[in-house]
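So the chains spell out like this:
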Amino acid sequence: MIRHTGGLIFRALSTLLIVLVIAFFITRIAYRNPAVMLAPRNASQQAIDAIAHALRLNEPWYLQLWYYLYRGPDIQGAPMGIAHWPPALGYSFRKQTPVTDLILSKVPVTLSLALGAVVIWMTLSILLGVIAARRQGSWLDRLISGFAYVSLSVPTFLSGILISYFLFFQLSNYGIFWFPSSGYVPLTENPFEWARHLALPWLTLALAEIGIFQQLVRASMLEILGEDYIRTARAKGVPEWRVYYDHALKAALNPVITLGGLELAVIMGGAIVTETIFGLDGVGRLAINSALEGDFPVVIGTTIFAAVSFVLCTFAVDIITRWRDPASQS
Amino acid sequence: MALLRSSFLRHPGAVAGALILIAILLMAIFAGILFPGDPWRMVARPNLPPFSPGHLFGTDMLGRDLAAGIAHGAQVTLLIALAVTMLAVAFGTAIGAVAGYFGGWVDDVAMRFTEFFQTIPSFLLTVVIVAIIAPSLTSIILAIAIVSWPQIARLVRAEVLSLVNQDFVRAARVGGLSSARIIWGHILPNVLSPVIVAASLMTATVILIESGISFLGLGNRDFVSWGYLLGTGRTAFRVNWWLSTIPGLAIFLTVLSLNLVGDGLNHWLNPRNSNRGGRA
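Residues numbered from 1 in each chain as written. Chains lettered and ligands numbered in written order. Predicted model: local features only at pLDDT ≥ 70, side-chain atom pairs only at ≥ 80, totals over all residues. Heavy atoms only, no water.

Right, let's get into the overall build of chain A. Within chain A one finds 14 helices and 0 strands. What you see in chain A, going N to C, is helices and strands ordered as α-α-α-α-α-α-α-α-α-α-α-α-α-α. In terms of overall dimensions, chain A has a C-alpha envelope of 85 × 60 × 35 Å along the principal axes. Classification of the 330 residues of chain A by burial places 47% in the buried group. In chain A, 67% of the contacts between residues at least 6 apart in sequence involve partners at least 24 apart. Counting only carbon and sulfur atoms, one obtains 65% of the accessible surface of chain A, whose full area is about 16500 Å². Across chain A, the 23 positively charged side chains and the 20 negatively charged ones have centroids separated by 4 Å. (Helix = DSSP H or I, 4+ residues; strand = E, 2+ residues; numbered from the N terminus. Buried < 20%, exposed > 50% of the residue type's maximum accessible area, 1.4 Å probe, protein only. Contact = heavy atoms within 4.5 Å. Areas by Shrake-Rupley, 256 points an atom, 1.4 Å probe, with all protein chains shown as cover. Lys, Arg positive; Asp, Glu negative; His and termini not counted. Charge placed at Lys NZ, Arg CZ, Asp CG, Glu CD.)

Structure follows, in structure tokens:
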């Protein structure tokens, strides 16, 4: 167990280090000089050169990478060196604040978005998947399958726009203001407003995921229902609903949890389109805005944040599957 | 005709998907004949609603014909999707086949390499790459291909692993064939069918990613793609809903038909595991 965990952690750390290097090289192939993008309009060549010099943009790539890893771009009076490594994802070129602070300030939005959506789509997919498996081949199964195909194929930007049009704009035309069009209210401030502001983005994200998860639950259920122990349970006279919800579903959930962890990680890394449509200022918006502004330390930081979320979600999946596994409980 | 009817009865979804797909392909191929000239020029009064005479999908705020935009946009969108899929399949197959065939440290290194690209969410990575490097057709294609190949590599590796120790491969090895010839001539043909299925499903994902990029305003403005039409129409959604809804529906229909065709191919080519849900 300890060896297993140690190996996982070593693997995760080495993965993160290499992701960092990959992200660094992606910013190196930029077609615009970040110093030009950071300088005020009509800045003189001297001013641009000064910015480039201050950010060490003129030095060879290996020195830049070293500075990035070792101390982050220089800021007067900022702590430096390996001892201060954790906060040193570097400093934003543009805002002159630590990248970690910038990212952490956006995490509540993204986390709320991701967790709410995952709860909605998991509940609905399990419900629909079990129903479809129980009535395999019926018109209900076909209807749900059809819906799954729609969910799988509809682009988030289309569903997002339509959802915000009908559930915000059209309703407000009738004087119904159930859902606001955009914005975010922290959970700690007002839980009701928090949920109200996030309801439409949750719906948009959940809609995109239900299709694949419902199909997965259905396929997994059908496979489990064919196994011997289910037949034994039925032969023993276990009520049919318990066969489905107690015996079969428990075992059928493993692949669902695994994929759920991966999809959660994707949304944590930035549901850029959903955040854009509903005006949520999350990690995804931060990533794309900083990429457009040439704020490269933030770009690298958000990429690493996405990778860290991925690693954490994989860990979580690993722990949950082990904990659920009856063999490990003895 | 009888063949079509019987296969339609067995796989109504796949056949319907194939028909939609053919229609969209024809529209893309003949866009220049159907709507000659620059689709981006003004042809009529602005903001004509859909089903206006001569302008099936209406016009935008500058009086540009949306139907022409959709037809020409299909060319760009499908071209990008095909190019990305071919690149990703070629690269992914090469990596996966080598990893699976040689095993050992080669396999370890190749799979670790693949893992890094799967650690970063693909849409985020593409968007960041496109935002940082100049958004040209080539860079968009490369950026999406970079995030798409790992799944093919993993699939091919798994399939190759199940084949390397089979008798026909051993026989070929004993016969003194080079590794390259065994992989190319004996193993890859047997891996083809799952790769075809994965490629058709991947094309759908690529279209979604490409239109997402254009929707965010990062696409290349020299080429009108569906995502670009949708993105520009979004700001005026409350005035003329069709400007973003119709390109959105075009994307949706294409992706839907690709998913249907992909699952149909899966049933047809891999009957063994076809009851295990569409997407692997």
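After presenting the structure, the write-up continues.
Secondary-structure assignment places Ser139(B) in helix 7 (residues 137-163). Reaching out from Ser139(B), the side chain makes a polar contact with the backbone nitrogen of Ser136(B) at a distance of 3.0 Å. (Polar contact = N/O pair within 3.5 Å; in protein donor to acceptor, adjacent residues only side chain to side chain.)

Under the definition given, this model contains 10 aromatic pairs over all chains. Aromatic pair Phe91(B) and Trp149(B): ring centres 4.9 Å apart, planes at 85 degrees, arrangement edge-to-face. In this pair, Phe91(B) is assigned in helix 4 (residues 66-102) and Trp149(B) in helix 7, connecting sequence segments 58 residues apart. Aromatic side chains Tyr101(B) and Phe102(B) sit 5.0 Å apart centroid to centroid with 90 degrees between the ring planes, which places their arrangement in the edge-to-face category. Under the relative-accessibility criterion, Tyr101(B) is labelled buried at 11%. The residue whose ring lies beneath Arg134(A) is Tyr244(A), and the NZ or CZ to ring-centre distance is 4.6 Å. (Phe/Tyr/Trp six-rings, centres within 6.5 Å; stacked < 30°, edge-to-face > 60°. Lys NZ or Arg CZ within 6 Å of the ring centre and 35° of its normal.)

Before going further, it helps to spend a moment on the packing of helix 6 (residues 139-153) of chain A against helix 11 (residues 242-269) of chain B. Running from N to C, helix 6 of chain A and helix 11 of chain B cross one another at 125 degrees; their axes reach a closest spacing of 8 Å. Viewed along their axes, helix 6 of chain A and helix 11 of chain B adopt a mutual orientation that is oblique. Where helix 6 of chain A crosses over helix 11 of chain B, the handedness of that crossing is right-handed. Seen from helix 6 of chain A, the contacting residues are Tyr149(A), Val150(A), Leu152(A) and Ser153(A); seen from helix 11 of chain B, they are Phe252(B), Val255(B), Leu256(B), Asn259(B), Leu260(B) and Asp263(B). Residues of the contact of helix 6 of chain A with helix 11 of chain B, tallied by class, amount to 7 nonpolar, 2 polar and 1 charged. (Axes fitted to C-alpha atoms, helices over the stretch in contact; angles between N-to-C directions. Parallel < 35°, antiparallel > 145°, perpendicular 65-115°, else oblique. Left-handed = near helix turned anticlockwise from the far one by under 90°. Nonpolar A, V, L, I, M, F, W, Y, C, P; charged D, E, K, R; others polar.)

Next up on the list: the pattern of salt bridges. Tallied over the entire structure, the rule returns 9 salt bridges over all chains. For Lys106(A), the salt bridge identified is with Asp281(A), shortest N-O distance 3.0 Å. You can see Lys106(A) sitting in helix 5 (residues 99-134) and its partner Asp281(A) sitting in the loop between helix 11 (272-277) and helix 12 (283-293), a full 175 residues away along the chain. The class of Lys106(A) is buried, set by a relative accessible area of 13%. For Asp281(A), a relative accessible area of 42% translates into the label partly exposed. Here Arg157(B) and Asp107(B) are joined by a salt bridge, their closest N and O atoms 2.6 Å apart. Of this pair, Arg157(B) sits in helix 7 while Asp107(B) sits in helix 5 (residues 104-119); the two residues are 50 residues apart in sequence, bridging distant segments of the chain. (Salt bridge = Lys/Arg side-chain N within 4 Å of Asp/Glu carboxyl O.)

Counting residues at the interface gives 43 residues for chain B, matched by 47 residues for chain A. Buried surface at the junction of chain B and chain A, summed over both partners, amounts to about 4000 Å²; 79% is from carbon and sulfur atoms. Seen at the junction of chain B and chain A, the total is 1 salt bridge. Measuring nitrogen to oxygen at the nearest pair gives 2.8 Å for the salt bridge that ties Glu115(B) to Arg11(A). On inspection of chain B and its partner chain A, the count reaches 5 residue pairs in polar contact (both at pLDDT 80 or more). For the side of chain B that touches chain A, the secondary-structure elements that each account for two or more residues are helix 5, helix 6 (122-132), helix 9 (179-215), helix 10 (226-234) and helix 11 of chain B. Of the residues forming the side of chain B that touches chain A, the biggest block, 11 residues, is contributed by helix 11 of chain B. In terms of residue class, the side of chain B that touches chain A is built from 26 nonpolar, 10 polar and 7 charged. (Buried area = accessible area lost by both parts, 1.4 Å probe.)

Next up on the list: the confidence of the model for chain B. Mean pLDDT over chain B works out to 83, with 92% of the residues at or above the 70 mark. Per the prediction output, this complex has pTM 0.86; the corresponding ipTM is 0.84. (pLDDT = per-residue confidence, 0-100.)

For Ala74(B), the location among the structural elements is in helix 4. If sequence neighbours within four positions are ignored, Ala74(B) has contacts with Met27(B), Ala28(B), Leu79(B) and Trp226(B).

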